[in-house]
Amino acid sequence: MRILLIVSTLLFSACQTHMYGPDVPSELAANLKLFEDTLRWGNLENMYLFVKREEGTPVQVAEGLENVRVTNYESSPVRKIDEEDASRWTQTAVIDYVLTDRQIVRQLVNRQVWESEDEGENWFLTTPVPQFR
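Just so it is clear, the model here is predicted, and its values are computed rather than measured. (Residues numbered from 1 in each chain as written. Predicted model: local features only at pLDDT ≥ 70, side-chain atom pairs only at ≥ 80, totals over all residues. Heavy atoms only, no water.)

## With respect to the side chain of Ser116
Secondary-structure assignment places Ser116 in the loop between strand E4 (104-115) and strand E5 (124-125). Among the polar contacts made by the side chain of Ser116, one reaches the side chain of Asp118 at a distance of 3.0 Å. Of note is the side chain of Ser116, whose polar atom sits 2.9 Å from the backbone nitrogen of Gly120. If sequence neighbours within four positions are ignored, Ser116 has contacts with Ser87, Glu121, Asn122 and Trp123. (Helix = DSSP H or I, 4+ residues; strand = E, 2+ residues; numbered from the N terminus. Polar contact = N/O pair within 3.5 Å; in protein donor to acceptor, adjacent residues only side chain to side chain. Contact = heavy atoms within 4.5 Å.)

Spelled out as structure tokens, the structure:
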């Protein structure tokens, strides 16, 4: 009986698609999850690594991020911007955060556009990262 339970659990988990739905490219889904995790775990300076920029352009990180603690991140379903173009997708995230030095709770809405220029192998955020003020 125990073996049957283990096998059925493994089969069920293997059949599941990622949380963004079957139509979303797996590389994009992985990037979206990594971006969310980056914010949730407080690695806010790393969110700039997702932004599309010209080669050789240095990453410019906003000041004061050490004073921000993200408390919640909820995103809308991911959708294609244009049904004919699979290289541009969008989602909206609602982010709750605390300014720790003043214990002020805030919320922002972050509209994101993600693009790929290489057949979906790499995805970059083409809209500004969240501004925590």
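## Topic: helix H2 (residues 26-40)
An ideal rise of 1.5 Å per residue puts 21 Å on 15 residues; H2 measures up with 21 Å between its terminal C-alpha atoms. Buried residues belonging to H2 abut strand E1 (68-75), strand E3 (85-99), E4 and E5. Immediately beyond the C-terminal end of H2, within one or two residues, lies Gly42, with a positive phi of roughly 80°. (Expected span 1.5 Å × (residues − 1).)

## Re the pattern of salt bridges
Applying the stated rule across the entire model yields six salt bridges. Arg40 serves as the salt-bridge partner of Glu36, at 2.8 Å between the closest nitrogen and oxygen. Of this pair, Glu36 and Arg40 both sit in helix H2, four residues apart, which is roughly one turn of the helix. Residue Arg40 is classed as partly exposed on the basis of its relative accessible area of 36%. (Salt bridge = Lys/Arg side-chain N within 4 Å of Asp/Glu carboxyl O. Buried < 20%, exposed > 50% of the residue type's maximum accessible area, 1.4 Å probe, protein only.)

## With respect to the pairing of strand E2 (residues 79-82)
Bridging between E2 and E3 involves three bridges; their strand directions are antiparallel. Considered in E3, the bridge of Lys80 is made with Trp89. Taking the residues between adjacent antiparallel strands as the criterion, E2 and E3 are bridged by two residues. (Pairing = 2+ DSSP bridges.)

## Observations regarding a negative patch on the surface
A grouping of Asp23, Asp82, Glu83 and Glu84 is seen on the molecular surface, where their side chains present a negatively charged patch. Note on placement: Asp82 falls in strand E2. Note on Asp82: relative accessible area 39%, which makes it partly exposed. (Patch = residues over 30% accessible without salt bridge, like charges linked within 9 Å, V, L, I, M, F, W, Y side chains within 5 Å. Areas by Shrake-Rupley, 256 points an atom, 1.4 Å probe, with all protein chains shown as cover. Lys, Arg positive; Asp, Glu negative; His and termini not counted. Charge placed at Lys NZ, Arg CZ, Asp CG, Glu CD.)

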